[in-house]
Each structure stands twice: as C-alpha cells, then as structure tokens.
Amino acid sequence: LYVLGGKADLACLETKSGKIVWQKNLLKDFEGRQQKIWGYSESPLVDGDLVICVPGGGKGSILALKKSTGEQVWRSSDITDDAAYSSLVPAEIAGVKQYITLTSNGAVSVDAKTGKKLWSDRLGANNIAVIPTPIVWGNYVFVTSNYPEGTAGLLKITK
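Right, let's walk through the structure included here.

Conventions used here
Residues numbered from 1 in each chain as written. Predicted model: local features only at pLDDT ≥ 70, side-chain atom pairs only at ≥ 80, totals over all residues. Heavy atoms only, no water. Helix = DSSP H or I, 4+ residues; strand = E, 2+ residues; numbered from the N terminus. Buried < 20%, exposed > 50% of the residue type's maximum accessible area, 1.4 Å probe, protein only. Pairing = 2+ DSSP bridges. Axes fitted to C-alpha atoms, helices over the stretch in contact; angles between N-to-C directions. Patch = residues over 30% accessible without salt bridge, like charges linked within 9 Å, V, L, I, M, F, W, Y side chains within 5 Å. Areas by Shrake-Rupley, 256 points an atom, 1.4 Å probe, with all protein chains shown as cover. Salt bridge = Lys/Arg side-chain N within 4 Å of Asp/Glu carboxyl O. Lys, Arg positive; Asp, Glu negative; His and termini not counted. Polar contact = N/O pair within 3.5 Å; in protein donor to acceptor, adjacent residues only side chain to side chain.

## Structural notes on the environment of V51
Secondary-structure assignment places V51 in strand 5 (residues 50-53). According to the relative accessible area criterion, V51 is buried, its value standing at 0%. As a C-alpha pair, V51 and K67 span 16 residues in sequence and 5.3 Å in three-dimensional space.

## Some remarks on the sheet that holds strand 5
Read across the sheet, four strands follow the order 4-5-6-7 without closing on themselves; strand pairing throughout is antiparallel. With one partner strand each, in any of the chains shown, strand 4 (45-47) and strand 7 (72-75) form the two edges of the open sheet. Direction aside, neighbouring strands of the sheet carry axes that sit 25° apart on average. Strand direction decides the pairing type here: strand 4 and strand 5, joined by three bridges, are antiparallel. Within strand 5, the residue paired with L45 across the bridge is I52.

## Regarding a nonpolar patch on the surface
A surface patch of nonpolar side chains, about 490 Å² in accessible area, is lined by I37, W38, I131 and Y147. Secondary-structure assignment places I37 in the loop between strand 3 (20-25) and strand 4. Look at I37 and you get exposed, because its relative accessible area is 78%.

## Here we look at the side chain of E42
Tracing the chain through its elements places E42 in the loop between strand 3 and strand 4. Here E42 occupies a buried position and makes no salt bridge, while the nearest side chain of opposite charge, R75, is found at 10 Å. Separated by 2.8 Å, the side chain of E42 and the backbone nitrogen of V54 make a polar contact.

## Section: the sheet that holds strand 12 (residues 135-137)
Strand order across the open sheet formed by three strands is 12-13-14, with antiparallel pairing between neighbours. Each of the sheet's edge strands pairs with one partner strand only, and the pair in question is strand 12 and strand 14 (151-156). Each strand of the sheet is rotated relative to its neighbour by a mean of 15°, with strand direction disregarded. In this structure, strand 12 lies alongside strand 13 (residues 140-145), joined through three bridges in antiparallel fashion.

Put into structure tokens, the structure is as follows:
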C-alpha cells in the first residue's frame, strides 16, 4: 500500500500488518515545493515497478521511485514547477507512454521511462490552487482549473 500524507510523507506499507516498508518526505528528502500551504493531496501513481509522485521544486517536479525500496529512479529536472493538488495520469499517446498532470503552471507530460519533459501548456494554470486531474481520451487531454481565475480546454497531443 502506498500513501501520501498532507505533510509530504510518502510511505510503502505492508497491507496485512500496516508495518512501514519504506518512507520518504517529499519536502525534506527531495526538496519539494508546493503551490500553497494546504499540504500534499495527490494520489501517488503505482505503475509497474515504480511509484510516481509530484514533490515539485527546483530539482524537478515529477519523481519516480522504485516501489520496493523507495530509491529514486528518475526526476523531471527540466520541469521545476511547484506541486499542485492534481494526481498523475498514465497515458499512451502517439505510441509514447507518458505521465500527465497539472502543476502550478499548467499541464505537463513526461516520458514514463526517463522523466524527460514531452510537452507542457499553460492551460489549467492558476495562482492559488490547481486541483482537478487531467482527463485523457485517445490523443486528447482535457484540463481545467479555476481559482479564482483559471482556464479549461482540450489539448490535442501529436507526435
């Protein structure tokens, strides 16, 4: 079981006993940075052997860890936006597996193998609280955010 608490504690727990297998703090261990003061609220994404999350910050917004040990596999150092409150979505678009989310600066996508930035767009950005999770359908990504002034729209992703 993988959980993320509001104070940035990400942990892997045994499901039977609740015993902590490993634990990291996104702020202390990865120098994460949040959009505002309300704490982390995304759902960590478990995909294959990885746990992917968004600590945000200057060292890279999106982070992939080995799900068995919590060791860093990659970090999206070319995206340094603050973490928002949106959860990551896995997608395959134009034959490329990727992870899509909203950060404080809008929609972003990274390559699932390397964490390298594939694309970004200001759509969905706002300066207070970016909360909704993107919706992916085929090669379209719908994003929205409005607090107090935001944007919504449909992005068509091409290779």
